[in-house]
Amino acid sequence: MAFAWLPGALGDIAHGAATTILLIAVTTLAGTLLSILGAAGRRNGPVLLRRAIGWYVEVMRNTPFLVQLFFIFFGLPSLGIRLDPILAAMLAMTLNMAAYTIEIVGAGLDAVPGGQTEAALALGLRPRQVFIKIVLPQALKIIYPALTSQIVIMMLESAVVSQIAVRELTYEADMLQARTFRSFETYFVVTLVYLAMSMALRRLLVTGGRRALGAGVS
């Protein structure tokens, strides 16, 4: 009978979905913070820092995410650095997301009129205060739709971490399919779960953005 296995598999699917949500929550917080620091450093930091950030962005954006994940999980132990699968996944996802969002945040910073910074400095505000209170909020509002899309894309790319046995949604789907031999049904259900999670995440980000950044966020 089609989908007869589903009631008994709901616990595994829910566990995988919860792990995926945990991964993207940590990645979003850490990756966004890292991207803000990276974008600011790339524009206002010393020459060596700007070059280092530039190389980091180029390397991460021009190599496969799977290779980056394998380097962290399988390669770093050769240097004596061993990480649990879920920690390795979080690190790889954060570094990958930050490389893309550094460019996104940087575009937002460049879009804020320079005259506002000059005016704030003339009023006696310190550069850090100007950045945090005036420039950054406007930049985030400008780039928020692109940032939202990048977060959703990163959630979907989290399926790759099943390759190092992180028990997220795709890993649980693989295990279910191996036990039930119902490949079409298993991946059909998991596709629907991913679709629902993506739509819910986007709606959550849009609603949260409107409350945090004000009108105009979509």
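As the structure is a prediction and not an experimental result, all values here were calculated from the model.

Participant: Before we go on, may I ask you to explain the side chain of Thr186 in this structure?
Facilitator: One can find Thr186 in helix H8 (residues 183-213). We classify Thr186 as buried; its relative accessible area is 1%. If we skip the residues at most four places from it in the chain, Thr186 touches Trp5, Ala173, Leu176, Gln177 and Thr180.

Participant: Can you help me understand the packing of helix H3 (residues 65-75) against helix H4 (residues 85-111) in this one?
Facilitator: A pair of packed helices is characterised by two quantities: the angle between their axes and the separation of those axes. Interaxial distance between H3 and H4 falls to 9 Å at its minimum, and their mutual angle equals 135°. Considering their axes alone, H3 and H4 lie oblique with respect to each other. In this structure, H3 meets H4 at a crossing whose hand is right-handed. Here Phe65, Gln68, Leu69, Ile72 and Phe73 of H3 lie close against H4, whose contacting residues are Pro85, Ala88, Ala89, Leu91, Ala92, Met93, Leu95 and Asn96.

Participant: Is there a simple way to think about helix H2 (residues 47-61) in this case?
Facilitator: Count 3.6 residues to each turn of an α-helix, and residues three or four apart come out pointing the same way. Under the 1.5 Å per step criterion, the end-to-end length of H2 is 21 Å for 15 residues, consistent within 8% with the ideal 21 Å. The complete set of buried residues in H2 reads Ile53, Gly54, Val57 and Met60. Down the axis of H2, the buried set is contained in an arc of 140°. They therefore lie on one face. For H2, the exposed residues lying more than 90 degrees away from the buried face are Leu48, Arg51 and Trp55. Those residues of H2 hidden inside the fold are in contact with helix H1 (6-44), H3 and H4.

Participant: Is there a simple way to explain the UniProt feature "transmembrane region" (unreviewed entry) in the protein chain in this structure?
Facilitator: Sequence positions flagged by UniProt for "transmembrane region" (unreviewed entry) are, in local numbering, residues 20-41, 62-80, 86-109, 142-166 and 186-205. The span residues 86-109 is 100% helix and 0% strand, and its two end C-alpha atoms sit 33 Å from each other. In the segment residues 186-205, helix accounts for 100% and strand for 0%; the C-alpha atoms at its two ends are 28 Å apart.

Participant: How do you make sense of the layout of surface pockets when you look at a structure like this?
Facilitator: Empty space among the atoms becomes apparent when a probe as large as a water molecule is rolled across them. Counted as a void, the largest pocket has a volume near 330 Å³. Looking at the largest pocket, it is lined by 17 residues, and the ones nearest its centre are Ala40, Arg43, Asn44, Leu109 and Phe131. Elements with a contribution of two residues or more to the lining of the largest pocket: H1, H4, helix H5 (114-122) and helix H6 (127-157). If you tally residues by element for the lining of the largest pocket, the top one is H1, at 5 residues. In the lining of the largest pocket, the residues fall into 9 nonpolar, 5 polar and 3 charged.

Conventions used here
Residues numbered from 1 in each chain as written. Predicted model: local features only at pLDDT ≥ 70, side-chain atom pairs only at ≥ 80, totals over all residues. Heavy atoms only, no water. Helix = DSSP H or I, 4+ residues; strand = E, 2+ residues; numbered from the N terminus. Buried < 20%, exposed > 50% of the residue type's maximum accessible area, 1.4 Å probe, protein only. Contact = heavy atoms within 4.5 Å. Axes fitted to C-alpha atoms, helices over the stretch in contact; angles between N-to-C directions. Parallel < 35°, antiparallel > 145°, perpendicular 65-115°, else oblique. Left-handed = near helix turned anticlockwise from the far one by under 90°. Expected span 1.5 Å × (residues − 1). Arc of directions from axis to C-beta. UniProt positions renumbered as here; feature names shortened; annotations may be inferred. 1 Å grid on protein atoms, 1.4 Å probe; cavity = no way out; pocket = protein on both sides within 12 Å on 5 of 7 lines; lining within 4 Å. Points joined across faces, edges and corners; volume = space filled by probe spheres on them. Nonpolar A, V, L, I, M, F, W, Y, C, P; charged D, E, K, R; others polar.

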